[in-house]
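# Observations on the model geometry
Next come the chains, spelled out residue by residue.
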Amino acid sequence: MTEEHDWIWREMIRALGDVDLSSARVLDVGCNQGGFLRKLYDHKPFASGVGVDLAKHAISVGQSNKGNRPLNYLAANHLADTGQTFDIAFSHEVIYLINDLADHAAQIAGVLNPGSAYYAVTCCHSDSPLWSGWRPKIQEFSNVPVPNHTVADIASAFRDTGFQVSVSRFLANAFIPLNESSDFLPTDLDMIETYTNWKLMFRFTKPA
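Residues numbered from 1 in each chain as written. Predicted model: local features only at pLDDT ≥ 70, side-chain atom pairs only at ≥ 80, totals over all residues. Heavy atoms only, no water.

### Some remarks on the overall build of the protein
The line we're drawing: Numbering of helices and strands runs from the N terminus, with a helix taken as a DSSP run of H or I at least four residues long and a strand as a DSSP run of E at least two residues long. The globule rule is 2.2 Å times the number of residues to the power 0.38, and the radius of gyration it is compared with is taken over C-alpha atoms.
Assigned secondary structure in the protein consists of seven helices and seven strands. Ordered by position from N to C terminus, the α and β elements of the protein give α-β-α-β-α-β-β-α-β-α-α-β-α-β. Expected size for 208 residues packed as a compact globule is a radius of gyration near 17 Å; at 16 Å, the protein falls within 12% of this value. Its C-alpha atoms put the protein at 40 × 40 × 35 Å along the principal axes.

### As for the pattern of salt bridges
Quick note on the threshold: Take a side-chain nitrogen of Lys or Arg and a carboxyl oxygen of Asp or Glu: if they are within 4 Å of each other, that pair is a salt bridge. We call a residue buried when its accessible area falls under 20% of the maximum for its residue type, exposed when it is over 50%, and partly exposed in between, using a 1.4 Å probe and counting protein chains only.
Evaluation of the coordinates by the stated rule reveals five salt bridges. Residue Asp42 is joined to Arg69 by a salt bridge in which the shortest nitrogen-to-oxygen separation is 3.0 Å. With a gap of 27 residues between them, Asp42 in helix H2 (residues 35-43) and Arg69 in the loop between helix H3 (56-65) and strand E3 (71-75) connect regions that are remote in the sequence. On the basis of relative accessible area, Asp42 is assigned to the partly exposed category, the value being 48%. A relative accessible area of 22% places Arg69 in the partly exposed class. Because the salt bridges share partners, they merge into one network encompassing Asp6, Arg10 and Lys39.

### Concerning the packing of helix H4 (residues 101-111) against helix H6 (residues 151-160)
Let me state the cut-off plainly: Note on method: axes are straight lines fitted to C-alpha atoms, helices fitted across the in-contact stretch only, with angles between N-to-C directions ranging 0 to 180 degrees. Orientation is classified from the angle alone, with under 35 degrees giving roughly parallel, over 145 giving roughly antiparallel, 65 to 115 giving roughly perpendicular, and any other angle giving oblique. Helix crossings are classified by the rotation of the near helix relative to the far one: an anticlockwise turn of less than a right angle makes the crossing left-handed, while a clockwise turn makes it right-handed. In what follows, a contact means two residues having at least one pair of non-hydrogen atoms within 4.5 Å. In the scheme used here, Gly and all other residues not listed as nonpolar or charged are polar, with Ala, Val, Leu, Ile, Met, Phe, Trp, Tyr, Cys and Pro taken as nonpolar and Asp, Glu, Lys and Arg as charged.
Two numbers describe how H4 lies on H6: the axes approach to 8 Å, and their chain directions differ by 45°. Judged by the angle between their axes, H4 and H6 are oblique. Classified by chirality, the crossing of H6 by H4 is right-handed. Side by side, H4 and H6 meet where Leu101, Ala102, His104, Ala105 and Ile108 of the first sit next to Asp153, Ile154, Ala157 and Phe158 of the second. Residue classes in the contact of H4 with H6 are distributed as seven nonpolar, one polar and one charged.

Below you can see the structure in the form of structure tokens.
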């Protein structure tokens, strides 16, 4: 994800409300070039942050752009490779590409402190009416097979791992930029419907 997602990152931060992150260790799963952690720190400073991604070039860009912020970016295959635990975690449009949701939930459970939450945002799930058209397009440029998860699949994987699961329609109250159409969002109405009805923010809370 790049700076074109700045407005979405802003809404992710707004959705946290008045939560105090000043002493928190923060994890960004699938961080790409690290923009979300930079944005979050500038709005809600935290103690330290780690971004994890498989793309080594993106990680290098993140390291180069972190400035004096207490951030570190790692190219890792497993979240335990961070060598630490976290007080809060995030992902944006990552969970839909994870084939083994149970393993992902277990990895998150392994690095989250008790009572902490993982916020996962996605509009890519098979309950969205646009997904059947999106999936083959995504597969064209994806290096991994694109799963076909339902909202229930995602929720069940985390419930079965012991998490308390809740969800919100992420951008229902936000102003949505009606940018030029694309293959994924060909009309203004598609943009509105996707961002208000089908883009979801899951909160997976590890019991205290």
